[in-house]
Amino acid sequence: MNINAKKDELIDVILKDAHSQIQPPDSWEAFRGRIEDRIYGGDMPSISITRLGKDAAFWRRMTLAMAACLVITLALLIYILGYSGGNWRQETATDGRGLLSQAQLHQLSTAFSHVRQLFGRHCPWMVVDSGGEGEIGVDNQTIETAVTNKVIVVRLAVNVENQKATPLYLDVVTFSDQQVSFRTPLADDLAIDVSLKPVLTNVGKIVVEIKARLDDGSQAGGVMTVADNVFTSLVRVRSNSSWVNIDAVARSVSNI
Amino acid sequence: MDELAAVRTSQAGDRAAFGVLIDRYYRKIYRFAYQFTGSHHDADDVCQETFLRAFDNIKKLKDCNWGWIFMIASNLLRKHIKQTEYKKTLPAKLLDVASVEVAEDESTQPFETLSRKEKAMIIHKQLQTMPELMRLVTILILMEGLTQKDAAGILTCSEATVSRQLDAARNWLRARLQNLI
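What counts, and where the lines are drawn
- Note that residues are indexed from 1 along each chain, following the sequence as it is written.
- Note on labels: chains are lettered from A, ligands numbered from 1, in written order.
- Totals for whole chains, interfaces and linings use all residues, but because this is a predicted model, local features are given only for residues with pLDDT of at least 70 and pairs of side-chain atoms are given and counted only at 80 or more.
- Each helix corresponds to a stretch of at least 4 residues labelled H or I by DSSP, and each strand to a stretch of at least 2 residues labelled E; elements are numbered beginning at the N terminus.
- Put simply, a residue is buried when 20 or more other C-beta atoms lie within 10 Å of its own C-beta and exposed when 12 or fewer do; between those, it is partly exposed, and each C-beta is set from the backbone.
- By the convention adopted here, residues make contact when the C-beta atoms placed from their backbones lie within 7 Å.
- Two strands pair under a simple rule: DSSP has to find at least two bridges between them.
- Every axis in this analysis is a line fitted to C-alpha atoms, fitted for helices over the stretch in contact. Angles between the N-to-C directions lie between 0 and 180 degrees.
- Residues enter a nonpolar core if they are buried, belong to Ala, Val, Leu, Ile, Met, Phe, Trp, Tyr or Cys, and are joined to the set through C-beta atoms within 7 Å.

Quick question: what am I supposed to make of the overall build of chain B here?
Of regular secondary structure, chain B possesses 9 helices and 0 strands. Reading the secondary structure of chain B in the N-to-C direction produces α-α-α-α-α-α-α-α-α. Of all 181 residues assigned to chain B, the portion counted as buried reaches 37%. Once local pairs closer than 6 in sequence are excluded, the contacts in chain B between residues at least 24 apart make up 56%.

Whenever I open this one, the sheet that holds strand β7 (residues 206–214) of chain A confuses me. Can you help?
Working definition: the strands of a sheet are paired by backbone hydrogen bonds and lie parallel or antiparallel to each other. Residues and elements named next belong to chain A. With antiparallel pairing, 4 strands are arranged side by side in an open sheet as β5-β6-β7-β8. Of all the strands in the sheet, the pair left with one neighbour each is β5 (180–187) and β8 (219–226). Direction aside, neighbouring strands of the sheet carry axes that sit 25 degrees apart on average. Here β7 pairs with β8 via 8 bridges, running antiparallel. Its bridge partner lying in β8, E209 is registered against V223.

Honestly, the nonpolar core in this entry has me stumped. Any pointers?
Nonpolar side chains tend toward joint burial in soluble globular proteins. Counting residues in hydrophobic clusters, the biggest one holds 53 residues, and the most contacted among them are I29(B), A33(B), L140(B) and A151(B). For this core, the element with the most residues is helix α2 (residues 15–37) of chain B, which contributes 11 residues.

Printed below as a string of structure tokens:
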């Protein structure tokens, strides 16, 4: 046996002896009890770990949901900021037409894509007015009917006759064949409830079914094919001594 | 009850049978964990977690190779070592007992004249400075007495790797302990 083998033999003995002396600071019996407690009961760390895992998963989902909300809010904010300070108002003010531009469609579709991600399989809709106010909704009853690969942007121009103020513009973004209902103020003491359903037909035209009702109970409705390059008169509602007119242009958005 | 029967009965949900397995291995796993981590607290925690995972997953154990529990422990230890910054100090209890003597005698006094506790402390101290895989091989083969094949299975590496690590460990130990043997 060479000298290294003798050293190894000695080291092996020392190692095994050193190893055998290790024991918990209290006692083996106490440690054995802790194992049993851990597995079968006591403070049940394993189960608490599992629960913590579920909690962690829950909070992770909550964080993701909140992050999604933040993204949507930011998207809407960006959109609204661009909206209120950008070309749209200028265009409206200068040429009076207020038609949907390609840039506005892009902004709306981007914002709506974030909203859509938030609601998953449900069908959301979104309304943004020219004052920068936005509203998001989900109509669960229309899940079956909404055509979720066809998104339509309808720009409503609401104006009260005999008033010199510029029309109130409302951009409605929704799926084809989905009902959208919302309420919007027209003046300090006047608001209007609007319910509309745009449908993209097989030939590419957009037909809008609309019902409008004022606070005083007067209402009107109709179904019109809406153009994309000129405002089409949808409905007129009598309001005391004047009329509330709702006109619309509409575009489909294919790249959402 | 032999080990195979204990595993089979445990798989059927018998706690007493699992208790047999705990009795058979808990000291080994504790020592294994302590030698690797250098901390009673960590060894306690890792050992408990090892048996807990074994209990939770024993139905998945197909070949009744209870070396599996060493595999669970070694995986936990490797994970643990990555997550923890270890203080390269000796356990407090051992330090209390023999730190003064070792500081003076470690390099000069032959092993024969040291107490068993002092020897254990020196060995343990040296192990803490060993590379991770070499340390695992040393503990499993030289201390626990496992075969190279079993160690390779536990560490999920080849026997050739274990053999190389074992040779390196022997050289390493001879060099570190040459003044003591």
